[in-house]
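Each chain is listed here by its residues.
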Amino acid sequence: MSPVAKRATRRTTKTHGEKPSQRAALVSRSPTTKAAKLAVSAVVLERLKAEYPDAHCELDYRNPFELLCATILSAQCTDVRVNMVTPALFARYPDATALRAAAPADVEEIVRSTGFFRAKTKSLIGMADRLVTHHHGEVPRTIAELVRLPGVGRKTANVILGNAFHINEGVVVDTHVQRLARRIGLTRQADAIGIERALMPLFPRDDWALLSHLLIWHGRRACLARKPLCATCVVRDVCASAGDGEGP
Ligand code: SF4
């Protein structure tokens, strides 16, 4: 670390033993240095953990295969809607072997209401086929293998690893995480990959999966896309975009 960065670290993270929540007065609302962003991150993480002690993946699933199917279906769709169709899907196709043999028209009918149902059906059946032909019907546990499955990108792979296997390989960056990371001032990156790279060094690795849930829960309940509820937000004192409730 350069002498300048060390001085910045001392300046922004000198805590005299306070908890992160007590450090707010020391934390910049527009962090520009890594040290300042680390200080804001610590406050955000602690506050959101306290606010949402039950934060979890809101997709319903009982095993990695079901989570993989549900996550593929969640593209451009709400978790609530996905949870309405997956019981029928999983009842009819309980594993990869059953799903790979499905007639596309039958799957399309079940997942129609999630949108893009033809493309999603193709991904689901293709994913199931590759699980059987390359992974003995099981969901693989590495990003490299997961992203080779049809319909699976880095975001979905991170969801599976973090939630089904408790492997923190990256941070899930969906539309909520994207919006909150930028509003709070943790990054100016615009694309998901850039935001993920910016967030990973700011938070403890063990918390990466939880971090996504916390930001998503906060994005759904307080930091709404059109009209964030800044006046009652638990991180308003460290947020670079805190407004008066009418949006940043
Ligand atoms: S203060 Fe406002 S913009 Fe900042 S995180 Fe809270 S709701 Fe979002």
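Residues numbered from 1 in each chain as written. Predicted model: local features only at pLDDT ≥ 70, side-chain atom pairs only at ≥ 80, totals over all residues.

What should I look at first to understand the overall build of the chain in this one?
When helices and strands are tallied, the chain shows 12 helices and zero strands. The order of α-helices and β-strands along the chain, N terminus first, is α-α-α-α-α-α-α-α-α-α-α-α. Burial analysis of the chain (248 residues in total) assigns 40% to the buried set. The long-range fraction of contacts in the chain, counting pairs at least 24 apart against all pairs at least 6 apart in sequence, stands at 57%. (Helix = DSSP H or I, 4+ residues; strand = E, 2+ residues; numbered from the N terminus. Buried ≥ 20, exposed ≤ 12 C-beta atoms within 10 Å, placed from the backbone. Contact = placed C-beta atoms within 7 Å.)

I would appreciate a short explanation of the site of the ligand in the present structure.
Around the ligand, 15 residues are found, and the nearest of them are Cys223, Pro228, Cys230, Cys233 and Cys239. A per-class count over the shell around the ligand returns 12 nonpolar, one polar and two charged. (Near = placed C-beta within 6 Å. Nonpolar A, V, L, I, M, F, W, Y, C, P; charged D, E, K, R; others polar.)

Teacher, can you tell me more about the packing of helix H10 (residues 175-184) against helix H11 (residues 192-199) here?
In a packed pair of helices, the relevant descriptors are the angle between the two axes and the axis-to-axis distance. Following both chains from N to C, one finds H10 and H11 inclined at 60 degrees, their axes separated by 10 Å at the closest point. Judged by the angle between their axes, H10 and H11 are oblique. The element H10 and its partner H11 pack so that their crossing is left-handed. Along its contact with H10, which presents Val177, Gln178 and Ala181, the element H11 presents Ala192, Ile195 and Leu199. Looking at the contact of H10 with H11, its residues break down into five nonpolar, one polar and no charged. (Axes fitted to C-alpha atoms, helices over the stretch in contact; angles between N-to-C directions. Parallel < 35°, antiparallel > 145°, perpendicular 65-115°, else oblique. Left-handed = near helix turned anticlockwise from the far one by under 90°.)

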